[in-house]
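Structural description and commentary
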Amino acid sequence: MMKKLSAPLLALVLSALFPTYSQARTLEGIEFPEHTVADYYYPQLTLNGAATRTYYYVVDMYVGLLYLQNPSSEPADIFADESYKRMVFHTLLSRASGRRIGKALYESLKLSPEEAAALGAPIEEVIDMFDVEMTEGDETFIEYVPGEGTRIIVKGELRGEINSKDLFNAFLGIWIGDEPFSEEFKAGILGTSNNRVVSN
């Protein structure tokens, strides 16, 4: 005759058979997945870190998230790694111009036209890839795909692909390079803290 298990013992058995994992991270009241779902084109990526960019102490612009195939808190390791990477810009504004966002990002690179061209694409060509109207909750991806280069995806649409890892690293440098938006934002993206970051 089978004996009934006590509630604590039953819970212990079930936890061993069906372990639970934290599946989401909450920032600005929004849940973001800790892992992406692997498919034919992409391996599973892990959320390395996240931070909120705020403008003039008042306007929340976006939540930035960095998903990596090989998570790390060391910028040099992230830049050098040849696996898949994805920068996510989750829009918090009720309405935003993707083109203006793209232009602001490119200007943050502080490159001359010659330096920009050396990264694989002219400035205007890259800015045009962001030229989509954005609303709250919309997302833009800047991805590095091994063997293919940098992809820009806006609201689920592939807007452009540039055969350049340097271009992806240049964009990522805005977040975790030697001169990031701020050290607090950098720390959040590197996974050591989640912070609201003010720009002016």
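Conventions used here
- Residues numbered from 1 in each chain as written.
- Predicted model: local features only at pLDDT ≥ 70, side-chain atom pairs only at ≥ 80, totals over all residues.
- Heavy atoms only, no water.
- Helix = DSSP H or I, 4+ residues; strand = E, 2+ residues; numbered from the N terminus.
- Buried < 20%, exposed > 50% of the residue type's maximum accessible area, 1.4 Å probe, protein only.
- Phe/Tyr/Trp six-rings, centres within 6.5 Å; stacked < 30°, edge-to-face > 60°.
- Polar contact = N/O pair within 3.5 Å; in protein donor to acceptor, adjacent residues only side chain to side chain.
- Contact = heavy atoms within 4.5 Å.
- Expected span 1.5 Å × (residues − 1).
- Salt bridge = Lys/Arg side-chain N within 4 Å of Asp/Glu carboxyl O.
- Arc of directions from axis to C-beta.

This paragraph deals with the overall build of the protein chain. Within the protein chain, the secondary structure is distributed over 7 helices and 11 strands. Buried positions account for 44% of the 200 residues belonging to the protein chain.

Moving on, we come to the packing of aromatic side chains. Summed over the entire model, instances satisfying the criterion amount to 8 aromatic pairs. Aromatic pair Y40 and Y41: ring centres 5.1 Å apart, planes at 90°, arrangement edge-to-face. Residue Y41 is classed as exposed on the basis of its relative accessible area of 59%. Seen from their ring centres, F130 and F171 are 6.3 Å apart, and the 65° between their planes marks the pair as edge-to-face. In this pair, F130 is assigned in the loop between helix 5 (123-129) and strand 7 (133-135) and F171 in helix 6 (residues 165-176), connecting sequence segments 41 residues apart. Linked through ring pairs, Y62, F89, W175, F181 and F185 together constitute an aromatic cluster.

Here is the key point about a regular strand: its side chains alternate between the two faces of the sheet. The buried fraction of strand 5 (residues 85-91) amounts to 7 of the 7 residues, a majority that puts the element mostly inside the structure. A two-sided burial pattern is seen for strand 5, the buried positions comprising K85, M87, F89 and T91 on one face and R86, V88 and H90 on the other.

Secondary-structure assignment places T46 in strand 3 (residues 46-55). A polar contact is formed between the side chain of T46 and the side chain of H35, at a distance of 3.2 Å. Beyond its immediate chain neighbours, meaning those up to four positions away, T46 contacts E34, H35, L66, Y67, L68 and P71.

A word on helix 6. Helix length check: helix 6, at 12 residues, gives a terminal C-alpha distance of 16 Å against a target of 16 Å (1.5 Å per residue), a fit within 8%. Counting buried positions along helix 6 gives 11 out of 12 residues, so the element sits mostly inside the fold. Within the sequence span of helix 6, burial applies to K165, L167, F168, N169, A170, F171, L172, G173, I174, W175 and I176. The N-capping residue of helix 6, defined by a side-chain oxygen 3.3 Å from the backbone nitrogen of D166, is S164.

Evaluation of the coordinates by the stated rule reveals 9 salt bridges. Ionic pairing is found between E82 and K165, a salt bridge with its closest N-O pair at 2.9 Å. Here K165 lies in helix 6 and E82 lies in the loop between helix 2 (75-80) and strand 5, a separation of 83 residues in the sequence. One salt bridge in this structure joins R86 and E143, with 2.7 Å as the shortest N-O distance. Of this pair, R86 sits in strand 5 while E143 is found in strand 8 (residues 139-145), placing the two residues 57 residues apart along the sequence. Classification of E143 by relative accessible area gives buried; the value is 1%.

Secondary-structure assignment places G102 in helix 3 (residues 98-108). Sequence separation between G102 and I123 is 21 residues, and the spatial gap between their C-alpha atoms is 9.9 Å. When residues no more than four places from it in sequence are discounted, the contact partners of G102 are I127 and F130.

Let us look at helix 3. Within the sequence span of helix 3, burial applies to G98, G102, L105 and Y106. The buried residues of helix 3 occupy an angular sector of 95° when projected down its axis, which confines them to one face. Across from the buried face of helix 3, at angles greater than 90 degrees, the exposed residues are R100 and E107. Among the structural elements, strand 5, strand 6 (95-97), helix 4 (113-118), helix 5, strand 7 and helix 6 are those in contact with the buried residues of helix 3. Positioned one or two residues after helix 3, K110 has a phi angle of 55°, which is positive.

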